[in-house]
Amino acid sequence: MSESVIRIASIYPTLLGTYGDGGNVLALKHRAGLHGLVTDVVDVSPGEPLPRDCDLYVLGGGEDTAQVAAADSLRADGGMTQAVDRGAAVLAICAGYQLIGREFPDATGAPSAGVGILDIRTDRLPKRAVGELLTRPDPQAPAGLTDLLTGYENHAGATHLGPDARPLAQVEFGVGNGDVSEGAISGHVMGTYLHGPCLARNPQIADVLLGWVVGEQLPHIAEREVEELRAERLEFVRRSGR
Ligand code: GLN
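Residues numbered from 1 in each chain as written. Predicted model: local features only at pLDDT ≥ 70, side-chain atom pairs only at ≥ 80, totals over all residues. Heavy atoms only, no water.

J.: Explain the side chain of arginine 201 here, please?
T.: Residue position: arginine 201 is located in helix H5 (residues 198-201). By relative accessible area, which is 5% here, arginine 201 ends up buried. One polar contact links the side chain of arginine 201 to the main-chain carbonyl oxygen of glycine 151, over a distance of 3.4 Å. For arginine 201, the contacting residues outside a window of four places in its chain are Glu132, Thr150, Gly151, Tyr152, Gly196, Leu229, Arg230 and Arg233. (Helix = DSSP H or I, 4+ residues; strand = E, 2+ residues; numbered from the N terminus. Buried < 20%, exposed > 50% of the residue type's maximum accessible area, 1.4 Å probe, protein only. Polar contact = N/O pair within 3.5 Å; in protein donor to acceptor, adjacent residues only side chain to side chain. Contact = heavy atoms within 4.5 Å.)

J.: Explain the site of the ligand to me, please; I cannot follow it from the model alone.
T.: Among the 14 residues in the neighbourhood of the ligand, the closest are listed as Gly62, Asp64, Gln67, Cys94 and Ala156. Contacts to the ligand include arginine 128, whose side-chain N or O atom sits 3.0 Å from an oxygen atom. With respect to the ligand, the backbone of asparagine 154 contributes an N or O atom lying 3.0 Å from a nitrogen atom. Across the shell around the ligand, the residue classes break down as 4 nonpolar, 8 polar and 2 charged. (Near = heavy atom within 4 Å. Nonpolar A, V, L, I, M, F, W, Y, C, P; charged D, E, K, R; others polar.)

J.: What is the right way to read the pairing of strand S7 (residues 120-137) from this model?
T.: If a strand is regular, its side chains alternate between the two faces of the sheet. As judged from the 12 bridges shared by S7 and strand S8 (residues 149-161), these two strands associate in the antiparallel manner. Directly across from isoleucine 120, in S8, lies its bridge partner leucine 161. Of the strand pairs in this sheet, S7 and strand S9 (residues 169-173) are connected by 4 bridges, and their pairing is antiparallel. Paired with arginine 136 across the bridge in S9 is glutamine 170. (Pairing = 2+ DSSP bridges.)

J.: Help me understand the pairing of strand S4 (residues 89-93), please; the structure alone is not making it clear to me.
T.: The buried fraction of S4 is high, at 5 of 5 residues. What you see with S4 is no split at all: Ala89, Leu91 and Ile93 on one side and Val90 and Ala92 on the other are buried throughout. In terms of strand pairing, strand S3 (residues 56-59) meets S4 through 4 bridges, oriented parallel. Residue pairing in the sheet places leucine 59 in a bridge with alanine 92 of S4. Where S4 and strand S12 (residues 189-192) come together, 4 bridges link them in parallel fashion. Bridge pairing links valine 90 to valine 189 in S12.

J.: Can you walk me through the packing of aromatic side chains in this structure?
T.: For any pair of aromatic rings, the description rests on two quantities: the centre-to-centre distance and the angle between the ring planes. According to the stated counting rule, one finds 2 aromatic pairs in the structure shown. Centroid distance tyrosine 19 to tyrosine 152: 5.5 Å. Interplanar angle 70°. Geometry classified as edge-to-face. In this pair, tyrosine 19 is assigned in the loop between strand S1 (5-11) and helix H1 (23-34) and tyrosine 152 in strand S8, connecting sequence segments 133 residues apart. Using a relative accessible area of 39% as the deciding quantity, one classes tyrosine 19 as partly exposed. (Phe/Tyr/Trp six-rings, centres within 6.5 Å; stacked < 30°, edge-to-face > 60°.)

Structural measurements only, silent on function.
What follows is the structure, given as structure tokens:
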């Protein structure tokens, strides 16, 4: 296993980070520590150049106007496209997920240009999706994703995958992309509507991202608190009439 430090960029946490999405970076640090990996996190503010040398770039959710500002700033910077071209990993949640795609609706519903590192397009759902989201990893999902994926969704976007993206998961409860699929993956770029924070509730996703960085699948390490949280959330969904 690599002795080197895993560099993680937390992109615009002041603009993107609804519903505790900042916890994804903490979960990554924690999971990396369990695997004996060392991390270094750099927070990037809007207008600051994106560091070109990170291994993993993380984006959270956000309001419609913050989302347009973040997308414009990232497109002007150009660093995300370069990062993906050299094989860096990306995790993007909700607004972050929508804005790394080709286009997404602004606050008026008009299409706004995304960063274009994931082959998805987002338009509006007929009705906002709010509540628990439970999914089953897609058969094409990366090795190591075997558990149900649990989280919380709050978005108005219907996301359509192009031929260069494949779904992360299939919806068991909730809305996700709006067509029974949830999230998208292309290469080492992953987007999802799962808040929670996603990586605290789904450590297997954290391990997939870290595994992409170190170039090998990481072993499963269960933690009691996480299993208890997951069990409680799964029970809640079951009681809600799944
Ligand atoms: N603004 C986007 C939407 O409503 C994303 C919201 C979010 O990130 N929670 O679809």
